[in-house]
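# What the coordinates show
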Amino acid sequence: MSTAVGTARSTLARTGSARLLAISSLAHFLNDGVVFFIPVIGDLLSQDHGTSTAVVTAMLTIFYVASAGFGIAVGLAADSLGRRGPMMAVGIGTLGVSLLGFYASLSFSGAGSDVLVLVAAAVAGVGSAFYHPLGGSLLQLGFPASARGRALGINGAFGSLGRALYPALFFVIAALGISKPATTVVFAVLSLLAAVVVAFGLPAQLPGRALPAGAGAEPAVADPPGGGAEPAPARSSADPPGEGAGVPDPKPAQATLRSLLTRSVLGLMGISFFRSLAFIGVVSWIPIYLTTERHAGLSTSLGVAVTVMYAGGIVGQPLFGLLADRFDKRVVLAVDSLGSAGGVYLFLSTSGDGAGALFALAVFGMFTFSGFPLLMSLAADYVPKRSSTTGNALVWGVGSTGGQALGPLTASLLMGGSHAHLGTAFAILGAVAAATVLATPLLERTRRSSPMALFG
């Protein structure tokens, strides 16, 4: 009898984990599809709508600043309320509303259009602040440490799939006879529908996994006996004995924001910040660079080039998630940063938008868009589980998104107002990305988990 009950519970746990991964991956697909579609909107505004470079730069900067600034509020609210699923739905829905704002801005001209662009960018920034800290927390709490990287990698691959498909789908839909402004409405409706699916598909709480505020006596998910756990990693002063988000935490009260800012968390935030500053500085201007300097034009060829770049993460995220479970995560993160910088220089060594350039963009994308499983796995090791969403918001929201906020502006300053200097700006940003490996010693070593079944 006890064996049958145990088998039933195991089957239920696997089903719940699969559902959690599936719904959260759908949300990641929609979220990143919209987020990385915004630079294409910037190109559309610049080339077809006559919007100035200053307004496009302001749009991108406002978007990323709003995302970074609102992320901490999302993290604190989620760790206090525990209602991560409904909050994720709110974020996806807000992104849908922002696309309606961009549609309005593309439908009008003059100063009013510029104002609408900036308002839509702010709304999009707020909406984009929800997914990554919430999605990372759901998977950190919903999977054991030995499968966490793979779960995050699979989930991240769907985010990369969204990034890859949205730019290409935009031009495909527009080619069917729908105007380019009206095409944004199609994606807005998709986001609003997805928000409903997420709201009803994800539980408000994770029974037996997520902890209410003030709790913390049990691990989020315990590794099964014989799971091959290695000795516990070095820990920060904010942690009780154990492994951050995946171990018992005897403290009765929720950790303060200040207590989370340990050397490892600050180091990870710094690495995340400068990585994103460099990579998003390149990514945000790639469409305009291809259009103006490599003469791709506002056509399907531009959509294909951007899609190939984003598609690299579809392979890279599961790969680096697997590597994060098996090797020293700090080293894997350093390799990822160097590989992405190498992709920048490989792209600059090509010409036009032919096969060589597409291959270089795929390499660049494979490394650049693989940070989610690496950063979230490390964040889980450095913060207590009761503060997992806030820890994610620090690393991803303040660190990664903060860098994203300054990336477009930095690239704009480096090119000195001339698109002809974008190649030089990309080269400098590649060097910045490579230099982040120098901060690796600031991160404490974390344990490596033995292989196990993803839903076991």
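Here is what the cut-offs are and how they apply
- Counting from 1, residues in each chain are numbered in the order their sequence is written.
- Under the rules for a predicted model, residues below a pLDDT of 70 receive no local features and side-chain atom pairs below 80 are neither given nor counted, while totals for whole chains, interfaces and linings still include all residues.
- Side-chain metrics in this entry use all non-hydrogen atoms of the structure; hydrogen atoms and water are not considered.
- Only rings of Phe, Tyr and Trp enter the pairing, Trp through its six-membered ring, and a pair is recorded when the two centres are within 6.5 Å. The plane angle decides the type: under 30 degrees is stacked, over 60 is edge-to-face, the rest tilted.
- Exposure categories follow from relative accessible area, calculated using a 1.4 Å probe and restricted to protein chains: below 20% of the type maximum is buried, above 50% is exposed, and the middle band is partly exposed.
- Helix and strand definitions follow DSSP, with helices as H or I runs of at least four residues and strands as E runs of at least two, each counted in order from the N terminus.
- Counting of polar contacts relies on pairs of N or O atoms within 3.5 Å, with two restrictions inside protein: one atom must be capable of donating a hydrogen and the other of accepting it, and residues adjacent in sequence are counted only when both atoms are side-chain atoms.
- Two residues qualify as a contact provided that any one of their heavy atoms is within 4.5 Å of a heavy atom in the partner residue.
- Each axis is a line fitted through C-alpha atoms, and for a helix only the stretch in contact is used; angles between axes span 0 to 180 degrees, taken between their N-to-C directions.
- Less than a right angle of anticlockwise turn of the near helix away from the far helix marks a crossing as left-handed, whereas a clockwise turn marks it as right-handed.
- Residue type decides the class: Asp, Glu, Lys and Arg count as charged, Ala, Val, Leu, Ile, Met, Phe, Trp, Tyr, Cys and Pro as nonpolar, and the leftover types, Gly among them, as polar.
- Definitions used for this entry: grid spacing 1 Å over protein atoms alone; cavity, a set of points where a 1.4 Å probe fits but cannot get out; pocket, an open set with protein on both sides within 12 Å along at least 5 of 7 lines; lining residue, one with an atom within 4 Å of a point.
- Grid points are joined across faces, edges and corners, and a volume is the space filled by probe spheres set on the points.
- In what follows, salt bridge is the name for a side-chain nitrogen of Lys or Arg lying within 4 Å of a carboxyl oxygen of Asp or Glu.
- Values of pLDDT, ranging from 0 to 100, describe the predictor's confidence in every residue of the model.

### Thoughts on the packing of aromatic side chains
All chains considered together, the criterion is met by eight aromatic pairs. Each ring, one from Phe273 and one from Phe274, has its centre 5.0 Å from the other, and the planes form 85 degrees; the classification is edge-to-face. You can call Phe274 partly exposed: its relative accessible area is 42%. Ring geometry for Tyr310 versus Phe369: centroids 5.2 Å apart, planes at 65 degrees, classification edge-to-face. Residue Tyr310 is found in helix H10 (residues 300–326), and its partner Phe369 is found in the loop between helix H12 (355–368) and helix H13 (371–382); the two are separated by 59 residues along the sequence. On the basis of relative accessibility, which here comes to 0%, the residue Tyr310 falls in the buried class. For Phe369, a relative accessible area of 5% gives the class buried. Here a set of aromatic residues connected by ring pairs shows up, and it is made of Tyr289, Phe347 and Phe426.

### So, the side chain of Thr436
For Thr436, the location among the structural elements is in the segment after helix H15 (422–435). Classification of Thr436 as buried rests on a relative accessible area of 7%. One polar contact links the side chain of Thr436 to the main-chain carbonyl oxygen of Ala433, over a distance of 2.7 Å. Discounting chain neighbours no more than four positions away, the residues touching Thr436 are Ile271, Phe274, Arg275 and Ser337.

### As for the packing of helix H5 (residues 111–142) against H13
Following both chains from N to C, one finds H5 and H13 inclined at 65 degrees, their axes separated by 10 Å at the closest point. Like other packed secondary-structure pairs, H5 and H13 cross with a definite hand, here right-handed. Contacts between H5 and H13 involve His132, Gly136 and Gln140 from the first element and Phe372, Met376 and Ala380 from the second. When grouped by side-chain class, the residues that make up the contact of H5 with H13 number three nonpolar, three polar and no charged.

### Comments concerning empty space enclosed by the protein
Tallied over the entire structure, the rule returns four cavities of 30 Å³ or more. Estimated volume of the largest cavity: approximately 280 Å³. If you trace the largest cavity, you find 25 residues lining it, with Phe36, Ser276, Trp396, Ser400 and Gln404 closest to the centre. Of all elements in the fold, only helix H1 (2–35), helix H3 (53–81), H5, helix H9 (263–292), H13 and helix H14 (388–415) reach the threshold of two or more residues within the lining of the largest cavity. Class assignment for the residues of the lining of the largest cavity results in ten nonpolar, twelve polar and three charged.

### Observations concerning the pattern of salt bridges
It is possible for side chains bearing opposite charge to pair when their charged atoms get close. One pass over the structure, following the stated rule, counts five salt bridges. Ionic pairing is found between Asp325 and Arg150, a salt bridge with its closest N-O pair at 2.9 Å. Here Asp325, found in helix H10, pairs with Arg150, found in helix H6 (residues 145–175); they are 175 residues apart in sequence, far enough to count as distant. Look at Asp325 and you get buried, because its relative accessible area is 3%. The salt bridge partner of Asp328 is Arg445, with a shortest N-O separation of 2.9 Å. Linking Asp328 in the loop between H10 and helix H11 (329–348) with Arg445 in the segment after H15, this pair joins segments that are 117 residues apart in sequence. Three or more residues joined by partner-sharing salt bridges are found here, namely Asp328, Arg330 and Arg445.

### Comments concerning the confidence of the model for the protein chain
Looking at the protein chain as a whole, its pLDDT mean stands at 76, while 79% of the residues score no less than 70. The least confident element of the protein chain, judged by mean pLDDT, is H1 at 68; the most confident is H11 at 92. This stretch, residues 449–456, has a pLDDT under 50; its non-local contacts, to residues over four places away or in other chains, come to 28 contacts.

### Details of the packing of H9 against H12
As a packed pair, H9 and H12 sit with axes 12 Å apart at the nearest point and diverge in direction by 140 degrees. As for how H9 packs across H12, the hand of that crossing is left-handed. Within the contact between the two elements, H9 uses Arg275, Phe279, Val282, Val283 and Ile286 and H12 uses Leu361, Phe364 and Thr368.

### So, the environment of Leu20
On the secondary structure map, Leu20 appears in helix H1. Overall, Leu20 belongs to the buried group, its relative accessible area being 4%. Along the backbone, Leu20 and Gly201 are 181 residues apart, and their C-alpha atoms lie at a distance of 8.4 Å.

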